[in-house]
Amino acid sequence: MAVGILEVNLISGKNLKRSDFLGKIDPYVEIQYKGQTRKSSVAKDGGRNPTWNDKLRWRAEFPGSGADYKLIVKVMDHDTFSTDDYIGEATVHVKELLEMGVEKGTAELRPTKYNVVDSDLSFVGELLIGVSYSLLQDRAMDGEVFGGWKHSQFD
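Attention here is on the structure that accompanies the text.

Scoring rules and cut-offs
- Residues numbered from 1 in each chain as written.
- Predicted model: local features only at pLDDT ≥ 70, side-chain atom pairs only at ≥ 80, totals over all residues.
- Heavy atoms only, no water.
- Helix = DSSP H or I, 4+ residues; strand = E, 2+ residues; numbered from the N terminus.
- Contact = heavy atoms within 4.5 Å.
- Areas by Shrake-Rupley, 256 points an atom, 1.4 Å probe, with all protein chains shown as cover.
- Phe/Tyr/Trp six-rings, centres within 6.5 Å; stacked < 30°, edge-to-face > 60°.
- Lys NZ or Arg CZ within 6 Å of the ring centre and 35° of its normal.
- Buried < 20%, exposed > 50% of the residue type's maximum accessible area, 1.4 Å probe, protein only.
- Polar contact = N/O pair within 3.5 Å; in protein donor to acceptor, adjacent residues only side chain to side chain.
- Arc of directions from axis to C-beta.
- Pairing = 2+ DSSP bridges.

**Regarding the overall build of the protein chain**
And then number 1: What the protein chain contains, in helices and strands, is 1 helix and 10 strands.
And then number 2: Along the protein chain, from the amino end to the carboxyl end, the secondary structure elements read β-β-β-β-β-β-α-β-β-β-β.
And then number 3: Across the protein chain, the fraction of contacts at a sequence separation of at least 24, relative to all contacts at a separation of at least 6, is 62%.
And then number 4: Of the accessible surface of the protein chain, which amounts to about 9700 Å², a share of 50% is contributed by carbon and sulfur atoms.

Given below as structure tokens:
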């Protein structure tokens, strides 16, 4: 089994459907991979055509448990005074990307448009997303080792 880093480059959205009748939307994205969820920033000024340029990362094993090698990308509208509204979701299949990454050490899906659909499978916009996978090198420790001492940076 190979272990690597799966990285999603969430670039932008286009023509996202408004969930509120009043005002503009403040969209963000929740991306789920094998039970692990990552959340993007809220695009406050983008409205229906947001720009995020967020990079979200997961530790990914291949072949791993289960066969669901896909990213579930949920688009949400942030609401300050009520529950956030679901706009729709897109699915990004990554099995071939992981296979190629294990074989070559790294692989990339260049930024691609993915349709966002709501629970009725109606088109509600699109997302521009890039995905990459890089194998991790075998390391005994994180950080760099200098003269037998582990050197790491603390925030």
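**As for the packing of aromatic side chains**
The geometry of an aromatic ring pair is captured by the separation of the ring centres together with the interplanar angle, meaning the angle of the planes.
And then number 1: Counted by the stated rule, this structure contains 1 aromatic pair.
And then number 2: Sitting over the face of the ring of Tyr69, Lys34 holds its NZ or CZ atom 4.3 Å from the ring centroid.
And then number 3: Sitting above the plane of the Tyr28 ring, Lys39 keeps its charged end 4.7 Å from the centroid.

**Observations regarding the side chain of Asp26**
And then number 1: Inspection of the secondary structure puts Asp26 in the loop between strand E1 (2–14) and strand E2 (27–33).
And then number 2: Classification of Asp26 by relative accessible area gives buried; the value is 14%.
And then number 3: Within the local environment of Asp26, its side chain forms a polar contact with the side chain of Lys24, the two groups lying 3.1 Å apart.
And then number 4: Excluding anything up to four places from it in sequence, Asp26 contacts Val42, Ala43, Lys44, Met76, Asp77 and His78.

**Re helix H1 (residues 95–104)**
And then number 1: Of all the residues in H1, the buried ones are Leu97, Leu98 and Gly101. Taken around the axis of H1, the buried residues stretch over an arc of 95°, which confines them to a single face. Among the exposed residues of H1, those oriented more than 90 degrees off its buried face are Glu96, Glu103 and Lys104.
And then number 2: Looking at the packing, one finds that the buried side of H1 touches E1, E2, strand E4 (51–62), strand E7 (106–117) and strand E8 (123–135).
And then number 3: Gly105, located one to two residues past H1, shows a positive phi value of around 95°.

**A few points about the pairing of E2**
And then number 1: Extensive coverage of E2 is indicated by the burial of 5 of its 7 residues.
And then number 2: By the bridge criterion, 6 bridges tie E2 to strand E5 (residues 70–77) in an arrangement that is antiparallel. Each bridged residue has a counterpart across the sheet, and for Val29 the counterpart in E5 is Val75.
And then number 3: Strand direction decides the pairing type here: E2 and strand E3 (residues 36–39), joined by 4 bridges, are antiparallel. Each bridged residue has a counterpart across the sheet, and for Glu30 the counterpart in E3 is Lys39.

**With respect to the environment of Lys55**
And then number 1: Along the chain, Lys55 turns up in strand E4.
And then number 2: For Lys55, a relative accessible area of 44% gives the class partly exposed.
And then number 3: Between the C-alpha atoms of Lys55 and Arg38, which are 17 residues apart in sequence, the distance is 10.0 Å.
And then number 4: Those residues within four positions of Lys55 in sequence are excluded, and the remaining contacts are Glu7, Val8 and Asn9.

**Examining unusual backbone geometry**
And then number 1: A cis amide bond, omega -10°, links Phe62 with the succeeding residue Pro63.
And then number 2: Within the secondary structure layout, Pro63 lies in the loop between E4 and E5.
And then number 3: Phi is positive for Asn15, which is not a glycine, with a value near 55°.
And then number 4: With relative accessibility at 39%, the residue Asn15 sits in the partly exposed group.
And then number 5: Of note, the phi angle at Asn53 is positive, near 55°, even though the residue is not glycine.
And then number 6: Locating Asn53 in the fold gives a position in strand E4.

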